[in-house]
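Spelled out from the first residue to the last, the chains are:
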Amino acid sequence: MKRTLLFDKRNQTFLFLVFFIFFYSLLYSQNPPTCSGRWGPPIVNQTFGQGNNTARWYGPLAAYAPGATTSTNFVGTAGPPGGGGLSDGFSGLVKTPSVGGNGFLNLADHTGNPNGLLMLINAPSTAATVFFEYVMDNLCSNTTLKLSIWILNVNSPGTCSGGYQFPNVTLRAVDTVTGNVLGTTTTGNIPINQVWAEYSIVFNNASSSSVRLQIVNNSIGNGCGNDLAIDDITVSPCIPATIRAVPSSGTTLCPGQSSSVSFTATLTGSSYSPAEYQWQLSRDGATTWEDQGQPTTNPNYTFNSAGLPPGNYQLRFKVGPRGSALNSQCNAVSEVSTVIVGSTPRASDATIRSCFIETAPSTATFDLSTADVTSQTGTTKKYYPTLNDARNDTNEIISFTDYVAAHGSVVYVRVTDANGCFAIVKITLEVIPPVKSAILTDKFICIEDTTTLDAGPGFAGYLWSTGATTQSISNIGVGIYQVRLQTGNCFTTQTVRVYASPQPVIQSIDISDHTATIHVTGGKPPYQYSVDGTTNWQDSNIFTKLTRGQHIFYVRDFYDCVPVAVEVTVPNLINAITPNGDHINDVIDYSALAYKNNLVFEVYDRYGNKLHEAGKLRNFSWDGTAYGKKVITGTYWYTISWTESDKNKTQIRYNGWVMVKNRD
């Protein structure tokens, strides 16, 4: 980087530069060869190495780029003299051009490795100066090569306030023995765009195996600029666009098939004239290769499996110009073709059993892969519904780990070994049926009681819906329970219900005088009855000698649960009335029972004819009249019925009689 522009000197040297470039182009002008194929992997790859997280300058140059030299002042690890910016004619190894000061770009190397290095050059001001050389040995002779280098203009836009001197170099490939120039290219003015640019020379090295890269300065004078960085020098050979043996896909040789296969080497875009082939065979998965015969210009080769054990064999060929087939640095390698030499796999029929599906007990889900059809390692298995499908490799069962089938079904398995040979065998499918507890049955208990559920012995495991894992569970109330019973590897879910025993219902009570008859439905007979307590039980539903007033009747059934009870009023009897208007025993009145639900008071004559019905409107009373007239003196019968307020709405019916004495 020159901060002072010396215009006079630049004017003096301009004509010299023009003359030099013209003379140079005449001296070294040539038409470079072309590559009609493709560029192979680099046989030279110079990246200038890697630095570390702390150091700024690196060296010596030969330690990081063996074979590279420079006519500039290489600063090494100490950096520029005096610690300032990199001066004209100086160079060094850095991780970013900004280390060189002078406002150079803060940009990483082109390689992209962590802490990767580049060579920073403040080019000399004299024209035709070779300021960098790099010698590359062991290159392929008689080969079209591409030598590439990445170059960066390290100045930022607007660096120079006056004029600007662009870096401009010529790249030369030189035969190290004869000194002949094999190829050249000129970069022209390398733009200020903060982008690495690739520049290449394409040349044919004839008989030379050693080439020197030279970088020549074309930018002269002491103007501001002419600073650059270089990185990633590569040399790649021109190889055919495609290199393969036909047939390129795998060929399987199994018993009953042919024992040999013929291959033909095919090339497209080849510049070899003539091409030389070296066929190779691998017996260990393309790890090591054995040459098959001697290098030849014949592109055909026959593989014969006679005497070879079963296995996979890889075949390839190396190709290059005549005389180079045995030089791994100078030839291209074809795609790999595989030949499989196989034998019929060892396989036999099998049977597998699986637990039933609870929603469809005659079927099961089978994992077909568990069928022991072969012990031979390195085999694959495919499953088919019919023998014909297995033979033709059609209708394969894809979901073979959860295959649903009925008891007695069969499937066919095609066992294929690593060599592609196969055998077909049969798998028979058996469904293991459910196994339930014979003693675990539904129960009836009193709603307030608990019970024990026992699944019985003989099962490998128990899991109740309560979380218990024992054979039986206790203190179980009314509800629905499940137990998961294990037999071998199968599980059967069995449901058991504990029902609340149906309670008896006191449907109605008939009361006549001091006697009550209890009518019961529901529950489970026989019933027992009690009144005003639960200590004295009787089998009869009739109670006599009841006193007037409130009584509680109790009933229990076969299950002996908490008895049901109904409280009943035995009304005060009125057996005579004298409806003569003296307000003494003029009426029979049961309005005291008006709080009862659906209370009805009815009067009948001795023939059963209803004479009177008194509800709420008649205040549940009778004055000894019928149809507006007094009844004749005599005995009449009546009923009082109502509905108790218990949950069962028990019907109560009281039957009585009354003597009516009417005086005319």
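Before going into details, it helps to say that this report is about the structure given with it. What you see is a predicted model; the values in this text were computed from it and never measured.

**Examining the sheet that holds strand S37 (residues 528-531)**
Now for step 1: Overall, antiparallel pairing links the three strands, which are arranged S37-S39-S40 in an open sheet. Each edge of the sheet is formed by a strand with only one pairing partner; in this case those strands are S37 and strand S40 (564-570). Neighbouring strand axes in the sheet, compared pairwise and without regard to direction, differ in orientation by 25° on average.
Now for step 2: Inspection of the sheet shows strand S39 (residues 549-556) paired to S40 by seven bridges, in the antiparallel sense.

**Considerations on the packing of aromatic side chains**
Now for step 1: Under the defined criterion, the tally for this structure stands at 18 aromatic pairs.
Now for step 2: Between Phe601 and Tyr638 the ring centres are 5.6 Å apart and the planes differ by 80°, which places this aromatic pair in the edge-to-face class. With Phe601 in strand S43 (residues 597-604) and Tyr638 in strand S48 (residues 634-643), this residue pair connects regions lying 37 residues apart in the sequence.
Now for step 3: What makes Tyr638 buried here is its relative accessible area of 1%.
Now for step 4: Geometrically, the ring pair formed by Trp622 and Tyr636 is edge-to-face, given 5.8 Å between the ring centres and 70° between the ring planes. With Trp622 in strand S45 (residues 621-622) and Tyr636 in strand S48, this residue pair connects regions lying 14 residues apart in the sequence. For the pair shown, Trp622 and Tyr636 are each scored as buried.
Now for step 5: Among the aromatic residues, those joined into a cluster by ring pairs are Tyr277, Trp279, Tyr301 and Phe317.
Now for step 6: Taking NZ or CZ as reference, Arg556 lies 4.1 Å from the ring centre of Trp537, over its face.

**Structural notes on the pairing of S43**
A regular strand carries its side chains on alternate faces of the sheet.
Now for step 1: The pairing of S43 with S48 spans six bridges and is classified as antiparallel. Its bridge partner lying in S48, Tyr604 is registered against Trp637.
Now for step 2: Note: S43 against strand S44 (residues 610-614), four bridges, orientation antiparallel. Across the sheet, Tyr604 pairs through a bridge with Lys610, a residue of S44.

**What to know about the sheet that holds strand S3 (residues 68-70)**
Now for step 1: The strand order across the open sheet formed by five strands is S3-S7-S12-S9-S10, and the pairing between neighbours is antiparallel. Every interior strand has two partners, whereas the edge strands, S3 and strand S10 (181-186), have only one. Averaged over neighbouring strand pairs, the angle between their axes works out to 15° when direction is ignored.
Now for step 2: Bridge analysis of strand S9 (residues 169-175) against S10 gives five bridges, and the strand direction is antiparallel. The residue of S10 that forms the bridge with Leu171 is Thr185.

Rules behind the numbers
Residues numbered from 1 in each chain as written. Predicted model: local features only at pLDDT ≥ 70, side-chain atom pairs only at ≥ 80, totals over all residues. Heavy atoms only, no water. Pairing = 2+ DSSP bridges. Helix = DSSP H or I, 4+ residues; strand = E, 2+ residues; numbered from the N terminus. Axes fitted to C-alpha atoms, helices over the stretch in contact; angles between N-to-C directions. Phe/Tyr/Trp six-rings, centres within 6.5 Å; stacked < 30°, edge-to-face > 60°. Buried < 20%, exposed > 50% of the residue type's maximum accessible area, 1.4 Å probe, protein only. Lys NZ or Arg CZ within 6 Å of the ring centre and 35° of its normal.

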